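Structural features, examined
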Amino acid sequence: MTNNMFFIANWKMFGDFKSVNSVKKVIKLSKIKKYKKAQIIYCPPFTLIDRFLNLVKNSKITVGAQNCHYSEKPGPFTGSINSDLIKSSGAKYVIIGHSENRVTGDTNQIINLKIKSALKKKLKVIYCIGETLNEKKKNKTNLILRSQIIHGLKNIKKNNSIIFAYEPVWSIGTGIIPKINNLEKQIYDIKNMIFKFWKLKNPKIIYGGSVNSKNISELNKISSINGFLVGGASQNSKNFIDIIKKTIN
Ligand code: PGA
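The structure reproduced in this document is the subject of the present report. Given the structure is predicted, the values throughout are model-derived calculations rather than measurements.

Residues Gly227 and Leu229 line one face of strand E8 (residues 227-230) and the alternating positions Phe228 and Val230 line the opposite face, and both faces are buried. Two strands pair when backbone bridges link them, and strand E1 (residues 6-10) and E8 are joined in this way by four bridges, in the parallel orientation. Residue pairing across strands places Ile8 opposite Leu229, the latter belonging to E8.

In structure tokens, the structure reads:
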């Protein structure tokens, strides 16, 4: 286990005002000395960001958004939120490039604009990359990941604050995780790609895709992983706490 592990809760389009209260248990855990090195970041739906900020204000837990619009400037984009609005909400992070947004139209080029606008607003970026099942079957995983890195980060200077979330699409929400040896090799390959692209030696790389309290001990054997992006299991505080406890033991 590396120091300062990230535990990023991606609530997706789930959660209501009531469910936010259960997060108090996670806040309590975050104040125990042993777990202080856990960097817990909640990414709730936009509508809950303010409530989350209020709840976590006396703790080390931070809050992020799940996506942003590509336009840096305000504009006639009904229903959209850009980095500027996220920044002014008080959130510190933003997830960009999630496969659930790639399927609805986020290309690497759009993602590139989103990342640039987020960095300009001094938001920290959680950049999701990952191959689909079809791409994996065709042995195209590294080709896809390299292209997501090169095009998603085009004309962006080396930046150690970006967290790379490797999320194989076939693992998200399916209960299936990669074989540990394969995942370890994949993280190694991604680190090499980032090194070639940015000459950055120790990028932060987290894993996401069906992380739960049952498979976490297995996943945690990979010492090169800097943390986890947790979807479904993060919406239940008990499960999320179990994941943190089993990682930092
Ligand atoms: P999951 O989602 O943990 O529910 O598979 C992860 C993600 O989509 O970030």
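From this point, things continue past the structure.
The buried count for E1 comes to five of five residues, which makes it a mostly enclosed element. Here E1 shows no split at all, with Phe6, Ile8 and Asn10 on one side and Phe7 and Ala9 on the other all buried. Relative to strand E2 (residues 39-43), E1 is paired through five bridges, and the arrangement is parallel. The partner of Asn10 across the bridge, within E2, is Cys43.

Pairing in this closed barrel of eight strands is parallel, and the strands run E1-E2-E3-E4-E5-E6-E7-E8 around the ring. With direction set aside, neighbouring strand axes in the sheet form an average angle of 25°. The sheet contact formed by strand E3 (residues 62-65) and strand E4 (residues 93-96) spans two bridges and is parallel. Residue Ala65 lies in a different strand from E4, and its bridge partner there is Val94. Taken strand by strand, helix H8 (residues 141-152) contacts strand E5 (124-129) and strand E6 (163-166), and its axis lies near 150° from that of E5.

How each quantity is defined
- Residues numbered from 1 in each chain as written.
- Predicted model: local features only at pLDDT ≥ 70, side-chain atom pairs only at ≥ 80, totals over all residues.
- Heavy atoms only, no water.
- Buried < 20%, exposed > 50% of the residue type's maximum accessible area, 1.4 Å probe, protein only.
- Helix = DSSP H or I, 4+ residues; strand = E, 2+ residues; numbered from the N terminus.
- Pairing = 2+ DSSP bridges.
- Axes fitted to C-alpha atoms, helices over the stretch in contact; angles between N-to-C directions.
- Contact = heavy atoms within 4.5 Å.

None of this, on its own, says anything about what the molecule does.
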